[in-house]
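Close look at the chain arrangement
So you can see what is in the structure, the chains are spelled out below.
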Amino acid sequence: MESSRVASHCNNVSSREKKTKRREILEKKKANDELIKAASSEKSHLVYFQPFCHYNRNGLSVFIESGSGDKLSSSVKQYIQNLLKVNMEVVFGPEWSTEEKVKCRDMVSSEARYIFVHEAPNATLESHVQGKGLGKFLMQLIELIARKSCMGAVVLTVQKANAVAINFYRSKLRYTISSISPSRVDPLMGLEKSYEILCKAFDHEAKAILEGSG
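Owing to the predicted nature of the structure, the values given are computational and were not obtained by experimental measurement. (Residues numbered from 1 in each chain as written. Predicted model: local features only at pLDDT ≥ 70, side-chain atom pairs only at ≥ 80, totals over all residues. Heavy atoms only, no water.)

**Comments concerning the sheet that holds strand β1 (residues 54-57)**
Heads up, the rule is: One requirement defines pairing of two strands: DSSP has to find at least two bridges between them. Secondary structure elements are taken from DSSP: a helix is a run of H or I of four residues or more, a strand is a run of E of two residues or more, and numbering for both begins at the N terminus. Axes, fitted as lines to C-alpha atoms, cover a helix only where it is in contact. Angles between the N-to-C directions of the axes lie from 0 to 180 degrees. Whether two residues are in contact is decided by their heavy atoms, any of which lying within 4.5 Å being enough.
Strands sit in the order β1-β2-β3 across an open sheet of three strands; the sheet is antiparallel. Edge positions in the sheet fall to β1 and β3 (113-118), since each of these pairs with one other strand and no more. Strand after strand, the sheet turns through a mean of 25° between neighbouring axes, direction not considered. The sheet strands contacting helix α4 (residues 134-148) are β1, β2 (60-68) and β3, and the helix crosses β3 at an angle near 145°.

**Section: the sheet that holds strand β4 (residues 153-159)**
Pairing in this open sheet of three strands is antiparallel, and the strands run β4-β6-β5 from one edge to the other. Looking along the sheet, the strands with just one partner apiece sit at the ends: β4 and β5 (176-177). Sheet topology places β5 next to strand β6 (residues 195-201); two bridges connect them, and they run antiparallel. From the neighbouring strand, Thr-176 faces β6, where its bridge partner is Cys-199.

**Digging into the pattern of salt bridges**
Worth spelling out the cut-off: When a carboxyl oxygen of Asp or Glu lies within 4 Å of a side-chain nitrogen of Lys or Arg, that pair is called a salt bridge. Relative accessibility thresholds used throughout: buried, under 20% of the residue-type maximum; exposed, over 50%; partly exposed, between the two (1.4 Å probe, protein chains only).
Evaluated as defined, the whole model comprises four salt bridges. Between Lys-28 and Glu-205 there is a salt bridge, with its nearest N and O atoms 3.2 Å apart. Within this pair, whereas Lys-28 is found in helix α1 (residues 2-41), its partner Glu-205 is found in helix α8 (residues 204-210), the two being separated by 177 residues in sequence. Overall, the relative accessible area of 42% leaves Glu-205 in the partly exposed class.

**So, the packing of helix α2 (residues 74-92) against helix α3 (residues 96-107)**
When two helices pack together, their arrangement is given by the angle between the helix axes and the distance between those axes. Heads up, the condition is: Handedness of a crossing follows from how the near helix is turned relative to the far one, being left-handed for an anticlockwise turn of less than a right angle and right-handed for a clockwise one.
One way to put it is that α2 packs onto α3 with a least axis distance of 10 Å and a crossing angle of 145°. Between α2 and α3 the crossing geometry is right-handed. Side by side, α2 and α3 meet where Ile-80, Gln-81, Leu-84, Lys-85, Met-88, Glu-89 and Phe-92 of the first sit next to Trp-96, Glu-99, Glu-100, Lys-103, Cys-104 and Met-107 of the second.

**Notes on unusual backbone geometry**
The backbone phi angle of Cys-150 is positive, close to 65°, even though this residue is not glycine. Inspection of the secondary structure puts Cys-150 in the loop between α4 and β4. Its identity is not glycine, yet Arg-174 carries a phi of approximately 65°, on the positive side. Note that Arg-174 resides in the loop between α5 (163-172) and β5. Owing to a relative accessible area of 64%, Arg-174 belongs among the exposed residues under this scheme.

**A short note on the layout of surface pockets**
Formally: Every definition here rests on a 1 Å grid over the protein atoms only: cavities are sets of points where a 1.4 Å probe fits but cannot get out, pockets are open sets enclosed by protein on both sides within 12 Å along at least five of seven lines, and lining residues have some atom within 4 Å of a point. Grid points are joined across faces, edges and corners, and a volume is the space filled by probe spheres set on the points.
A volume near 360 Å³ is recorded for the second largest pocket. What lines the second largest pocket is a set of 13 residues, among which Asn-32, Met-151, Gly-152, Glu-205 and Ala-206 lie closest to the centre. When contributions to the lining of the second largest pocket are tallied by element, the ones reaching two or more residues are α1 and α8.

**Points about the packing of α4 against α5**
As a reminder, the rule being used: Roughly parallel means an angle under 35 degrees; roughly antiparallel, over 145; roughly perpendicular, 65 to 115; everything else is oblique.
For the pair α4 and α5, the least separation of the axes is 12 Å and the interaxial angle reads 55°. Of the possible angle classes, the one that applies to α4 and α5 is oblique. Crossing of α4 over α5 shows right-handed handedness. Residues Gly-135, Lys-136 and Met-139 of α4 form the contact with α5, whose participating residues are Phe-168, Tyr-169 and Lys-172.

As structure tokens, then:
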């Protein structure tokens, strides 16, 4: 009889603990959803970082502005979609004809956010700006925006074949290969994939999830 009461008590405690844990998870998810909603509702994150709207270093002077996918002009949308094709068609190979529609739709969705760089108002930036610190500057800006929006990390995808980019992110910006990257989820699967997922976490919770550290 006594053992039955003990077992019943243990079951009740376990049930309460599960309910408490479930409630905590739901509350955390709700809080995260609200943060994402608030960040997405911002018309321009650059409003909070006005000093970053003009880059003038190493003989390069450019202007920086933000935009959202559903507010872009037809010419800019076309430019972005053409750029996407140039960068990704070879990577996806025969799958590109299917993936292109999905990717292009994502690029002009209301959730998509952009940082545009112009050498002068309404001018198009060309590749001769490489090697002048602009890439690092823009990544630092993205990290500031993420922190301002209470995001736990910045996550990005980079092609394995792009050794220069991987070295840039990992050596200069201290990004790590995320625990959700194919090569870390399953090394065999990782060999079949052409990309890595990199991340930079800002708090312990994000580090535990994205870097696999405690």
